[in-house]
Amino acid sequence: MFYIMENIFYICGVNLKRLFMKTNFLLPHGFRKWGWSILGIAFILIFYSVYFESELSFFDWKVFAVYSNHLLSEVQYFTWISNNVQDEISALLVIIGGLFVAFSKEKIEDEMVAKIRTESLVWATYVNYIVLAFCLIFFYGMSFLTLLLCNMFTILGFFIFRFQWKMFQSNKLTEYD
C-alpha cells in the first residue's frame, strides 16, 4: 500500500523524504533583527516597571481571565477583569524576541553551526536546571517565586549567550586561518 502511495506522490512531484524528513525548523535569518528589536522593547518595559515601581496606565485593559485570584478579592473563573497587562506583554515580548534570536538561521547555516547550536542548547538546559536546583535549595518564599518567574526566560538567555559566544569564537578562529 505504501508503495502505491509513494508512486502517486512521485507522479505528483512530491518528494516524500523531503516532506516527512525535514528536520530544519529554523526561522529565516531576517527574524534575528526583529528578535533583537522586540527584546529591546521588552527590556525597556521591564526596566520602566522595575526602576519606577509602577506600570504605564496605557496598559490598563479589560481582559478575559480563565482564573483570577487577586490578594483581597475572591477567586473568579471565566470572567472579564480589569488588569494592567504591561508585565504580561513584556513577558510575551521576551519570549517572542528570544525565540526569534535563538532560532533564526545564520547567514551560512552548515554542519558546524548546527553542531554549535545543538551543543549550546544542551549546555543551556544543563545550566538552567543547575541554577533552578540551586534556587530550590537556597531560596524560599516570595524570593523563590520571583526566581522561578525569571527561570522561565533563562534557558533562552543561556542558549543565546552560549550560541553567540561560540559563533564569535568560531568566526574569530576562522579569521586567523
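Residues numbered from 1 in each chain as written. Predicted model: local features only at pLDDT ≥ 70, side-chain atom pairs only at ≥ 80, totals over all residues. Heavy atoms only, no water.

1. Observations concerning the nonpolar core
This is how it is decided: Throughout this description, the term nonpolar core refers to a set of buried Ala, Val, Leu, Ile, Met, Phe, Trp, Tyr and Cys residues connected via side-chain atoms within 4.5 Å. Only protein chains enter the accessibility calculation, which uses a 1.4 Å probe. A residue is then buried if its area is under 20% of the maximum for its type, exposed if over 50%, and partly exposed in between. The way it works is that DSSP assigns letters per residue, a run of H or I at least four long becomes a helix, a run of E at least two long becomes a strand, and they are numbered from the N terminus. Every residue pair with non-hydrogen atoms within 4.5 Å of one another is taken to be in contact.
Counting residues in hydrophobic clusters, the biggest one holds 13 residues, and the most contacted among them are Ala102, Phe159, Ile160, Phe163 and Met167. Mapped onto this core, the elements with two or more residues apiece are helix H3 (31–52), helix H4 (86–102), helix H5 (111–138) and helix H6 (141–176). Considering each element in turn, this core owes the most residues, five residues, to H6. Phe159 has contacts with Ala102, Phe103, Arg117, Ser120, Leu121 and Ala124, leaving out every residue within four places of it along the chain. One finds Leu45, Val63, Ala65 and Val85 within the second-largest nonpolar core, a separate group that totals six residues.

2. Re the packing of H3 against H4
How we decide: Axis definition: a line fitted to C-alpha atoms, over the contacting stretch in the case of helices. Angles run 0 to 180 degrees between N-to-C directions. The labels follow the angle: roughly parallel below 35 degrees, roughly antiparallel above 145, roughly perpendicular from 65 to 115, and oblique for the rest. Crossings are assigned a handedness: left-handed for a near helix turned anticlockwise from the far helix by less than a right angle, right-handed for a clockwise turn. When residues are grouped by polarity, Ala, Val, Leu, Ile, Met, Phe, Trp, Tyr, Cys and Pro land in nonpolar, Asp, Glu, Lys and Arg in charged, and all others, Gly among them, in polar.
Viewed as axis vectors pointing N to C, H3 and H4 meet at an angle of 155 degrees, and their least axial separation amounts to 7 Å. If you check the angle between H3 and H4, you find them roughly antiparallel. Handedness of the crossing formed by H3 with H4: left-handed. When the residues that make up the contact of H3 with H4 are grouped by side-chain class, the tally is 17 nonpolar, six polar and one charged.

3. Quick look at the side chain of Asn128
For clarity, the threshold we go by: As used in this structure description, the phrase polar contact means that two N or O atoms lie within 3.5 Å; if the pair is within protein, one of them must be able to donate a hydrogen and the other to accept it, and residues adjacent in sequence are counted only when both atoms belong to side chains.
Position of Asn128 among the secondary structure elements: in helix H5. For Asn128, a relative accessible area of 3% gives the class buried. In this structure the side chain of Asn128 is engaged in a polar contact, spanning 3.5 Å, whose partner is the backbone nitrogen of Ile155. Not counting residues up to four positions away in its chain, the partners in contact with Asn128 are Asn151, Thr154, Ile155 and Phe158.

4. Digging into the pattern of salt bridges
For clarity, the threshold we go by: Salt bridges, as used here, are contacts in which a Lys or Arg side-chain nitrogen is within 4 Å of a carboxyl oxygen on Asp or Glu.
What the rule picks out here adds up to three salt bridges. Where Glu106 meets Arg32, a salt bridge forms, and the shortest distance between an N and an O atom there is 2.6 Å. Pair noted here: Glu106 is in the loop between H4 and H5 and Arg32 is in helix H3, with a separation of 74 residues, a long-range link. Grouping residues by exposure puts Glu106 and Arg32 together as buried.

5. Some remarks on the packing of aromatic side chains
In plain terms, the rule: Under the pairing criterion, centres of Phe, Tyr and Trp rings, with the six-membered ring standing for Trp, must be within 6.5 Å; the plane angle then separates stacked pairs below 30 degrees from edge-to-face pairs above 60, leaving the rest tilted.
Enumeration according to the criterion identifies 13 aromatic pairs in this entry. With centroids separated by 5.7 Å and ring planes inclined at 70 degrees, the aromatic side chains of Phe64 and Trp80 adopt a geometry described as edge-to-face. Placement of the pair is Phe64 in strand E1 (residues 60–68) and Trp80 in strand E2 (residues 76–84), with a sequence separation of 16 residues. According to the relative accessible area criterion, Trp80 is exposed, its value standing at 55%. With 5.5 Å between their ring centres and 50 degrees between their planes, Tyr67 and Tyr77 make a pair best called tilted. Of this pair, Tyr67 sits in strand E1 while Tyr77 sits in strand E2; the two residues are ten residues apart in sequence, bridging distant segments of the chain. In this structure Tyr67 comes out as partly exposed when scored by relative accessible area, which is 47%. Members of the aromatic cluster, each reached through a chain of ring pairs, are Phe47, Tyr48, Tyr51 and Phe52.

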